[in-house]
Amino acid sequence: MMLVDGLRGALNQSALEPAGPQAATVAHLWWFAFIVASAVYLATMGALWWAARRARRREERGEVLDEALAEPRMTRGVTWATAATIVILLVFLVTDLSVGRTLSPVPSKRPLTIEVTGHQWWWEVAYADTSPHGRFTTANEIHVPTGRPVLFVLNSQDVIHSIWVPNLAGKKDLIPGYTQSWWFQADTAGLYRGQCAEFCGLQHAKMAFQVVAESPDRFARWVSLQQQPAMSSTDSTASRGREVFLTGPCAMCHSIEGTSAGSHAGPDLTHLASRRTIAAGTLPNTRGALAGWIVDPQRIKPGANMPPNQLEPKDLDALLTYLQSLK
Amino acid sequence: MTRRLRNVVDLGELPDVVFGPRDIMWWGTLGFVVIEGFTLVLCAAAYVYLTQNYATWPPEHTPLPSLGAPAVQVIVMLLSLPVVWWTAKSARRFDLGKVRIGLTLATLFNAAFVGIRLVELLVSLNVRWDANAYASAQWMLLCMHGTLLAVELVEVGGMLLLFWIAPVEEKHFSDVADMGFYWFFMVLVWLPLFVLCFLVPRWLQ
Amino acid sequence: MSDRTATATPTVDRFEREIAELERTYRSHANPFWAWVTSVDHKSIGKRYIVTCFGFFVLAGLNAGLMRLQLSRPENHIVGPDRYNQLFTVHGSAMMFLFAVPVMTAFATYLIPLMVGTKEVAYPRLNAFGYWTFLIGGIFLFAGLYTNTGPDAGWFAYVPLSGPQYSPGKRVDIWAQVVTFTEIAALVAAVEMIVTIFKMRAPGMSLNRIPLYVWSILAVSFMIVFAMPSVAIASTAMLAMDRLVATHFFNRAEGGDPLLWQHLFWFFGHPEVYIMFIPGLGFISSIVETFTGRKIFAYPVMVLALFVTAFVAFGLWVHHMFATPIPQLGRSLFTAASVLIAIPTGVQIFCWIATIWAGRPRYTTAMLFALGFIVVFTIGGMTGVMIASVPFDLQVHDTYFIVAHFHYVILGGVVFPLFGACYLYFPKITGRLMSETLGRWHFWLFFVGVNVTFFPMHLLGLDGMPRRVYTYLPEMGWGTLNLIASAGAVPIVASVAVFIVNVARSAVVGVVAGANPWNAPGLEWATSSPPPAWNFHPLPVVTGRFPLWEAGDELPVATGLATDRREVLVTTALDAVPDNRHEHPGESHWPLVMAIAVGVTFIGAVWNPWAYVIGFVIASIAFAGWGWPRGTKPEQQVTRGRVPATEAR
């Protein structure tokens, strides 16, 4: 089920299928520009074809161009074409600047604020203002309520990344040492995939994330779930897996709220099992994929900062059970 | 296809040693003056850009540059101008004796520029290049201009050698005049950079 | 016509005597290899420059082929991310720094002295030095790639990714120094061209009579002078130093700024695009003029358009940085400039169309490439206007839409005109015509290949595919379009192969061309094909914009330049009135020695900063050797005291 969900979601990464006001405005701008540009292009090519044909006709019929008439005709033609070009470009410019003006400012309606930090090669997502109970951190999956603007505070931990969800909004760079803001609003509930758009090294290609736009109710439920510390399962295999996690190399980079694992070098795994994908939008969050990722991440994302982990089969099995219990 | 050639201009009487903008070597010098000048403008722009990143310039806990050696540098540079001007003027008159004296003085001046520049870098700046971006920017401006000084020392020294030991031709006097032109650029471009490197930090402290 | 065919003139004996003497004066070294190494002839340098650039074009193209192979299927494993990043970085860097810009320089080096009617470029040794420096830089880049030390931070090398912390090793250092080499070569060539065009034109060739191609090279040379220093200091004085001696220009923690790099890089990087294709526009004018047999309509407007483009090109750089923190007002200004720069280029296209309408077009291969240019380049121009829009750009920035856009611009605006120019000028350079049959194959394969490869990329970009990714997931649904794009690479490779075969074959068995096989109007066609080492003797005198179309059965000439030494004529900058004679140097190995000194400096500096000192010493020695008098004018030696000024002579 998860797998199918992940697959369908992945298809949603297109600027031409907008799901929010910003992307919709830009898509309209694109279609407007496309139609105008096509018309201008066809007119220019038509003129070229016609000019070449006329020249050949003249040649075939042995006509001689009347120079006295030709120069003024050429002047007229070029002048009109230039004037038309200037008018079209000015119309485009004015349209574009007014579109840009409507898109830039964050709407006054109180937005939800989310902090996104870029890492080589994953996204840290922190919800700071959802409730007084405080903030929680997740990774590579951004849940947003529909119909409400979402303001993002962007930063980077290492190199420059760029956040982009084509169905919702154009991109913004995450630059170390700079804090930038970015916003979008999702009107249609659904899964939208985003991907890093600024070249950021070896695994730039596999630095993706999912935006889950859901009704405000469902979003609130998700928030309250995420605010809980990790479930402490009574299942003995899961407990053993927890031991593996905390005593093995995992805890050196990852944190799980409610346990002693508190390192923030890698993604927070407190509610790993609630996410649709792992490895920054690269694999569906299935038991098999998780096992493959833990044992040999370098095969899936060569160069990623996660080392291979040679675990005893029993330990691996327990670890997987534990991780899958982290709903 | 045969066309007859009709001789309409005789070039044989044109001069083959000329000075200033008539000479293509002068144009080459101008080209490099523009390139080097614009490079320094961009370096200065980058320097100014970096000042935005600090509340004070130099940043806290970074000492101000000293003014002694840089002031001496500016004075020595300005003193060299009349000497080089005189040298170039003598070159236009093909006055071998005076050009030899002028080139000797110019070489000494240029060696002094390079020497003082080393003192400016190693002593006056009071900071190493790897301390922070302020220090890096200071070192960049001084070194970029210092490269011009060093290259010019090779050129003037080479000319000096040529004028003392080699068969000097008339066109070499034109080269000396071009050297004078370049010299004025090299010295005058330093004045705003001196202000930027050594005075602006005092104002933005 | 060749000066040797000058028959019905009373001075023919004199010319034959003088030409015999010129042959002695311009005789090069007996050992052909040494003659090649020491040559300072702009035609010899130009030819090797052109061949070298096409060599790098093929190598960088092979990179592209491998990349297309890798991307032809999702989750392909032909190359991994490490190799792929080297491939695309070197592809972009080589195409920009080692092909598109220098190949235009290379053609200009060959053509400009012929077009303005002089015997040499302004500084022949500097010219040779520029070539050797370029060659060393290019070899260094590919040596890095083939030893798995290829730069891998993109041709734009954004910090901090390219900085010491995130790119350890020597890969990015190689990139930074290759940039230095090519900038030196480009700057040298720019000064060379500006002075040649301003001061060495044939008598009577006032500025309003120079060919449009010469104008384009003049405009571009000025652009190089102001654009290249920016990337040179960014890479050599800042990035390399951050990496080598731990300066902090881009280190945010110590007050540096990663955006400073972007400003400096794009202040060069955007004009660079125009530096590449403005000479292409010049070629199109030459081709259209030659093959319609008619002067280009509205010459003053064409010249103005070139210079407006060149000027406004410096006001566009921020449109590469719309996703960074840039004030709203700044963005609007850069948007306006980016939209309006389409006007001058549009005007030129309209003028060419008008010229074709009024002319008698001959559809040779060169002309096909000129028409192909209009068809392909205009698409790139249209998408260029679109991405000037900030909101739209933020959707397609760094996606395959941009890849499609600039390949349409560069292939359309640079490579199509360039191939056309090859067919136009090959007979001048080699004395033989290229095969028109193979030429047509070349054109159509290339035209089809370019469109099949790059058109689908527009859709991929809108469909969310980012640039610089070594692979993509099967679920993304990008597989089909990528496969089509990769398939398009096949005809491109085939077309280039046909071109190479055509060049090689035609150079040996092509139809002998004669001085002016196309009945073209310019001075370059007034001398024999290939031209003699001294280009023209006697020098042509120009009375109009189209010397060979306007000349009746008499060609006005200027005589009196010495033939016992390599003397050239210097004329006034505006009106080209003869002003003085200048003796040019002969063969020399010092330019190569100087280039090696530069090579030691910058290659050595990848490992050790003391290389700057050692290189400086070697360069000083080379400098002395370069400038030491040859003693060719004993009558002008000044041995003592004051000599009366000869200037007034």
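Note that the structure is predicted; figures quoted are calculated from it, not measured.

**So, the overall build of chain A**
Each helix and strand counted, chain A has 8 helices and 12 strands in total. The C-alpha atoms of chain A give a radius of gyration of 27 Å, which is well past the 20 Å a tight globule of 327 residues would have. With the C-alpha coordinates aligned to their principal axes, the bounding extent of chain A is approximately 100 × 45 × 40 Å. Expressed as a percentage of the 327 residues in chain A, the buried residues total 45%. Restricting to contacts in chain A with at least 6 residues of sequence separation, those with at least 24 account for 68%.

**Quick word on the overall build of chain B**
Per the secondary structure count, chain B includes 6 helices and 1 strand. Counted from the first residue to the last, chain B has its helices and strands arranged as β-α-α-α-α-α-α. What you see for chain B is a C-alpha radius of gyration of 22 Å, clearly larger than the 17 Å of a compact globule of 205 residues, by over 25%. Each principal axis of the C-alpha atoms in chain B carries an extent, and together these give about 80 × 50 × 25 Å. A total of 205 residues make up chain B; the buried ones form 45% of that total. The long-range fraction of contacts in chain B, counting pairs at least 24 apart against all pairs at least 6 apart in sequence, stands at 83%.

**Let's talk about the sheet that holds strand β2 (residues 554-559) of chain C**
Taken together, the 3 strands give an open sheet; going across it, the order is β1(B)-β2(C)-β1(C), and neighbouring strands pair in mixed fashion. The open sheet is flanked by β1 (4-10) of chain B together with β1 (539-540) of chain C, the only strands paired with a single partner. One ladder, built from 6 bridges, connects β1 of chain B with β2 of chain C; its direction is parallel. Opposite R6 of chain B, over in β2 of chain C, you have P556 of chain C as the bridge partner.

**So, the environment of Q203 of chain A**
Following the sequence through the fold, Q203 of chain A ends up in the loop between β9 (190-195) and β10 (208-214). The contacts of Q203 of chain A, once residues within four sequence positions are left out, are W121, K301, G303 and A304 of chain A together with P81 of chain C.

**A closer look at the interface of chain A and chain C**
Taken together, the contact between chain A and chain C spans 68 residues of the former and 66 residues of the latter. Elements represented by at least two residues in the side of chain A that touches chain C include exactly α1 (2-11), α2 (21-61), α3 (67-103) and β7 (169-174) of chain A. Top element by residues in the side of chain A that touches chain C is α2 of chain A. It accounts for 17 residues. Considering only residue class, the side of chain A that touches chain C consists of 42 nonpolar, 18 polar and 8 charged.

**Regarding unusual backbone geometry**
Leaving glycine out, the prevailing phi sign among residues is negative, and the prevailing peptide bond configuration is trans. With an omega dihedral of 0°, the bond running from Q120 of chain A to W121 of chain A counts as a cis peptide bond. Structurally, W121 of chain A can be placed in the loop between β1 (112-119) and β2 (122-127). Look at the link from H537 of chain C to P538 of chain C: it is a cis peptide, with omega at 0°. Topologically, P538 of chain C is positioned in the loop between α16 (479-509) and β1. If you check the backbone angles, A280 of chain A has positive phi at about 55° while not being a glycine. Relative to the helices and strands, A280 of chain A is located in the loop between β11 (277-278) and β12 (283-284). Phi is positive for N519 of chain C, close to 55°, though the residue is something other than glycine. Structurally, the position occupied by N519 of chain C is in the loop between α16 and β1.

**What about the sheet that holds strand β5 (residues 150-156) of chain A?**
Residue and element names in this part refer to chain A. Taken in spatial order, the 5 strands make up an open sheet running β3-β2-β1-β5-β8, and their pairing is mixed. Each having just a single partner strand, β3 (136-139) and β8 (180-184) make up the two edges of the open sheet. In this sheet, neighbouring strand axes are inclined to one another by 30° on average, regardless of whether the strands run parallel or antiparallel. By the bridge criterion, 5 bridges tie β5 to β8 in an arrangement that is antiparallel. The residue bridging V150 from the neighbouring strand is F184, located in β8.

**Notes on the pairing of strand β4 (residues 141-145) of chain A**
Residue and element names in this part refer to chain A. Within β4, 5 of the 5 residues are buried, leaving the element largely enclosed by the surrounding structure. The two faces of β4 match: E141, H143 and P145 on one face and I142 and V144 on the other face are all buried. Of the pairings in the sheet, the one linking β4 to β10 comprises 5 bridges and is parallel in character. Across the sheet, the residue bridging to H143 is V212, located in β10.

**Structural notes on the interface of chain C and chain B**
The interface of chain C with chain B comprises 74 residues on the first partner and 59 residues on the second. When contributions to the side of chain C that touches chain B are tallied by element, the ones reaching two or more residues are α6 (171-199), α7 (212-245), α8 (258-292), β2, β3 (567-571), β4 (578-583) and α19 (611-627) of chain C. For the side of chain C that touches chain B, the element with the most residues is α7 of chain C, which contributes 7 residues. The residue inventory of the side of chain C that touches chain B, partitioned by class, reads 40 nonpolar, 21 polar and 13 charged.

**Here's the deal with helix α8 (residues 313-324) of chain A**
An α-helical segment advances 3.6 residues per turn. Residues three or four places apart therefore align on the same side. All names here are of chain A. End to end, α8 covers 16 Å across 12 residues, agreeing with the expected 16 Å (1.5 Å per residue, within 8%). Here α8 has its buried residues at A318, L319, L320, Y322 and L323. Buried residues belonging to α8 abut α5 (236-247) and α6 (287-295).

**Remarks on the nonpolar core**
Counting 382 residues, the largest nonpolar core has V214, M223 and C351 of chain C as the members making the most contacts within it. No other element matches helix α4 (residues 81-116) of chain C, which puts 23 residues into this core.

**Things to note about the arrangement of the chains**
Ranking by contact count across 2 pairs of chains in contact places chains B and C at the top. For the non-touching pair chain A and chain B, the nearest C-alpha separation works out to 11 Å.

**A short note on the packing of helix α1 (residues 24-51) of chain B against helix α4 (residues 133-165) of chain B**
For any two helices packed against each other, one specifies the crossing angle of their axes together with the interaxial distance. Residue and element names in this part refer to chain B. At a minimum axis distance of 10 Å, the contact between α1 and α4 shows a crossing angle of 170°. Judged on the interaxial angle alone, α4 and α1 are roughly antiparallel. Contact residues: α1 offers E36, T39, L40, C43, A44, A46, Y47 and L50, while α4 offers A133, A137, M140, L141, M144, H145 and L148. Broken down by class, the residue content of the contact of α1 with α4 amounts to 12 nonpolar, 2 polar and 1 charged.

**Remarks on the packing of helix α12 (residues 365-386) of chain C against helix α15 (residues 436-462) of chain C**
Residue and element names in this part refer to chain C. Contact geometry of α12 with α15 gives a least axis separation of 9 Å together with a crossing angle of 10°. As judged from the angle between their axes, α12 and α15 are roughly parallel. Seen from α12, the contacting residues are T365, L368, F369, G372 and V376; seen from α15, they are E436, G439, R440, F443, F447 and V450. The residue makeup of the contact of α12 with α15, split by class, is 6 nonpolar, 3 polar and 2 charged.

**Section: α19 of chain C**
Compared with the 24 Å implied by 1.5 Å per residue over 17 residues, the 24 Å span of α19 of chain C between its first and last C-alpha is a close match. Regarding α19 of chain C, the residues found buried are G615, A619, A622 and F623 of chain C. Angular distribution of buried residues about the axis of α19 of chain C spans 110°; they occupy a single face of the element. In this fold, the buried residues of α19 of chain C make contact with α4 of chain B together with α18 (590-604) of chain C.

**Things to note about the environment of A230 of chain A**
Residues and elements named next belong to chain A. Inspection of the secondary structure assignment puts A230 in the loop between α4 (216-227) and α5. Accessibility expressed as a C-beta count within 10 Å gives 21 for A230, which makes it buried. The spacing of A230 and P302 is 72 residues in sequence and 30 Å in space, taken between C-alpha atoms. Non-local contacts of A230, meaning those with residues more than four positions away in its chain, are made with I256, E257, G258, T259, T270 and L326.

**Remarks on the environment of P391 of chain C**
Note on placement: P391 of chain C falls in helix α13 (residues 390-396). For the pair formed by P391 of chain C and P591 of chain C, sequence separation is 200 residues and the distance between their alpha carbons is 50 Å. If near-sequence neighbours (up to four positions away) are discounted, P391 of chain C is found in contact with T25, V26, L29, V99, G100, L103 and G170 of chain A.

**So, the confidence of the model for chain A**
Residues and elements named next belong to chain A. Across chain A, the average pLDDT comes to 90, with 95% of residues at 70 or higher. Here α1 stands out as the element of chain A with the lowest mean pLDDT, 42, in contrast to strand β6 (residues 161-165), whose mean of 97 is the highest. Across residues 1-10, confidence stays below pLDDT 50; counting only partners more than four residues off in sequence or on other chains, it has 20 contacts.

What counts, and at which threshold
Residues numbered from 1 in each chain as written. Chains lettered and ligands numbered in written order. Predicted model: local features only at pLDDT ≥ 70, side-chain atom pairs only at ≥ 80, totals over all residues. Helix = DSSP H or I, 4+ residues; strand = E, 2+ residues; numbered from the N terminus. Rg over C-alpha atoms; globule rule 2.2 N^0.38 Å. Buried ≥ 20, exposed ≤ 12 C-beta atoms within 10 Å, placed from the backbone. Contact = placed C-beta atoms within 7 Å. Pairing = 2+ DSSP bridges. Nonpolar A, V, L, I, M, F, W, Y, C, P; charged D, E, K, R; others polar. Axes fitted to C-alpha atoms, helices over the stretch in contact; angles between N-to-C directions. Expected span 1.5 Å × (residues − 1). Core = buried A, V, L, I, M, F, W, Y, C linked by C-beta atoms within 7 Å. Parallel < 35°, antiparallel > 145°, perpendicular 65-115°, else oblique. Arc of directions from axis to C-beta. pLDDT = per-residue confidence, 0-100.

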